[in-house]
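One letter stands for each residue in the lines below.
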Amino acid sequence: MADQHSHNLARRGLMFILSSPSGAGKTTVARRLLAEDGEIAMSVSVTTRPPRPGEVDGKDYHFVDRAEFARMVEDGEMLEWAEVFGNNYGTPKAHIKAGLKAGQDFLFDIDWQGTQQLYQRMETDVVRVFLLPPSIDELEDRLRGRGTDSEQVIEGRMSRARSEISHWDGYDFVVVNDDIDECFAKVRTILDAERMRRARQTGLVDFTRGLMRQDPGSA
Ligand SMILES: Nc1ncnc2c1ncn2[C@@H]1O[C@H](COP(=O)(O)OP(=O)(O)OP(=O)(O)O)[C@@H](O)[C@H]1O
Ligand SMILES: Nc1nc2c(ncn2[C@@H]2O[C@H](COP(=O)(O)O)[C@@H](O)[C@H]2O)c(=O)[nH]1
């Protein structure tokens, strides 16, 4: 039997937000989602943070200086923005708005402040998912195991983790990332279900009208 997806009903895109305390695994889950799901694209943020080794301008972030970031905010080019770890991060507006209208889904790796702003502005398009580590010790082990940060940076991320965790109630879904495969399967389930929300299905009026006009055996 054909499922709903195979009918390709027209729908508006959604904004799928993944947040977590640093090190809980949102980048890991996001990369896998992008690799395995052909319908979602990453929202590439603008930041004043300098690129890390291996990061590519326009792919990982749009890297800009503080003056350009301030200009973009001033000119209303950001959907949301926030200061995180002393740097500014923001979501450029034009690309996202046009994409949503055309049915494109976007994945956001943003913090709780940006999530709040997007929800206030675009509530019905937004799906908010928060990942938690199974324990604080495991979070620290993951940050050390990742091998990308100095001891000082790891301490900063750990001291910020508790305040980030306190924002769990600003999300629609909370998933504990213990086993990565289980966590990923849960995130996929959320995305699949959200795509079927009636409010997003712009093609339903025509589709159901068509069904009601059909006689049995006429197809
Ligand atoms: N379920 C898991 N079990 C064990 N290790 C994991 C799991 N999920 C992610 N990791 C590892 O933990 C480390 C941190 O993950 P990741 O970089 O995805 O976190 P993050 O939340 O994106 O952090 P940041 O906010 O600092 O970018 C990585 O080395 C990753 O491979
Ligand atoms: N509010 C926003 N937060 C963002 C955005 N892009 C990234 N982030 C968050 O910043 C921190 C640090 O990121 P890193 O790449 O420097 O490690 C992390 O929590 C991201 O989720 C954004 O556009 N808006």
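Residues numbered from 1 in each chain as written. Chains lettered and ligands numbered in written order. Predicted model: local features only at pLDDT ≥ 70, side-chain atom pairs only at ≥ 80, totals over all residues.

**Details of the nonpolar core**
Phase 1 of the analysis: One finds Met15, Phe16, Ile17, Leu18, Phe108, Val129 and Leu131 to be the most contacted residues of the largest nonpolar core, which totals 29 residues.
Phase 2 of the analysis: Listed by contribution, the elements that provide at least two residues to this core are β1 (15-19), β5 (78-84), β7 (105-109), α4 (112-122), β8 (126-132), α5 (136-146) and α7 (180-195).
Phase 3 of the analysis: Among residues more than four places away in sequence, those in contact with Phe16 are Ile40, Asp105, Phe106, Leu107, Phe108, Val127 and Leu191. (Core = buried A, V, L, I, M, F, W, Y, C linked by C-beta atoms within 7 Å. Buried ≥ 20, exposed ≤ 12 C-beta atoms within 10 Å, placed from the backbone. Helix = DSSP H or I, 4+ residues; strand = E, 2+ residues; numbered from the N terminus. Contact = placed C-beta atoms within 7 Å.)

**Topic: α4**
Phase 1 of the analysis: Burial in α4 covers these residues: Trp112, Gly114, Thr115, Leu118 and Tyr119. Angularly, the buried residues of α4 cover 155° about the axis, an arc narrow enough to put them on a single face. Every exposed residue of α4 that faces more than 90 degrees away from the buried side is listed here: Gln120 and Arg121.
Phase 2 of the analysis: As for α4, its buried residues are in contact with β1, β5, β6 (87-92), β8 and α6 (151-165). (Arc of directions from axis to C-beta.)

**Digging into the sheet that holds β8**
Within a sheet, adjacent strands bond to each other through the backbone by hydrogen bonds, running parallel or antiparallel.
Phase 1 of the analysis: Strand order in this open sheet of 5 strands is β2-β7-β1-β8-β9, and the pairing throughout is parallel. The outermost strands of the open sheet, each flanked by one partner alone, are β2 (40-42) and β9 (173-176). Neighbour-to-neighbour, the strand axes of this sheet turn through a mean angle of 25°, independent of strand direction.
Phase 2 of the analysis: In terms of strand pairing, β1 meets β8 through 5 bridges, oriented parallel. Along β8, the bridge assignment pairs Phe16 with Val127. (Pairing = 2+ DSSP bridges. Axes fitted to C-alpha atoms, helices over the stretch in contact; angles between N-to-C directions.)

**A closer look at the sheet that holds strand β3 (residues 46-47)**
Phase 1 of the analysis: Ordered by their spatial adjacency, 4 strands build an open sheet running β4-β3-β6-β5, and the pairing between neighbours is mixed. Two strands lie at the open edges of the sheet, namely β4 (62-63) and β5, each paired on one side alone.
Phase 2 of the analysis: Two elements, β3 and β4, share 2 bridges in a ladder whose sense is parallel. Across the sheet, residue Thr47 finds its bridge partner in β4, namely Phe63.
Phase 3 of the analysis: Relative to the sheet, helix α2 (residues 66-74) contacts β3, β5 and β6, its axis offset from that of β6 by approximately 45°.
Phase 4 of the analysis: Packing of α4 onto the sheet brings it into contact with β5 and β6, and relative to β5 it is tilted by some 160°.

**Observations regarding unusual backbone geometry**
Phase 1 of the analysis: Positive phi, normally seen in glycine, also occurs at Phe85, with a value near 50°.
Phase 2 of the analysis: Mapped onto the fold, Phe85 is located in the loop between β5 and β6.

**Some words on the UniProt feature "domain: Guanylate kinase-like" (unreviewed entry) in the protein**
Phase 1 of the analysis: Those residues carrying the UniProt feature "domain: Guanylate kinase-like" (unreviewed entry) are residues 13-192 in this numbering.
Phase 2 of the analysis: In residues 13-192, the share of helix is 44% and the share of strand is 23%. The end C-alpha atoms are 12 Å apart. (UniProt positions renumbered as here; feature names shortened; annotations may be inferred.)

**With respect to the site of ligand 1**
Phase 1 of the analysis: Around ligand 1 sit 15 residues in total, of which Ser22, Gly25, Thr27, Thr28 and Arg142 are the nearest.
Phase 2 of the analysis: Broken down by secondary-structure element, the contributors of at least two residues to the shell around ligand 1 are α1 (26-36), α5 and α7.
Phase 3 of the analysis: Its residues assigned to classes, the shell around ligand 1 shows 3 nonpolar, 8 polar and 4 charged. (Near = placed C-beta within 6 Å. Nonpolar A, V, L, I, M, F, W, Y, C, P; charged D, E, K, R; others polar.)

**Some words on the site of ligand 2**
Phase 1 of the analysis: Near ligand 2 there are 15 residues, and of these Ser45, Ala82, Tyr89, Ile110 and Gly114 occur at the shortest range.
Phase 2 of the analysis: Within the residue set of the shell around ligand 2, elements represented by two or more residues are β5, β6 and α4.
Phase 3 of the analysis: Here the residues of the shell around ligand 2 sort into 5 nonpolar, 6 polar and 4 charged.

**Here we look at the pairing of β8**
Phase 1 of the analysis: Of all 7 residues making up β8, 5 are buried, and the element is well covered by its neighbours.
Phase 2 of the analysis: Both β8 and β9 contribute to a ladder of 4 bridges, which runs parallel. Following the sheet pairing, Leu132 is matched in β9 by Val176.

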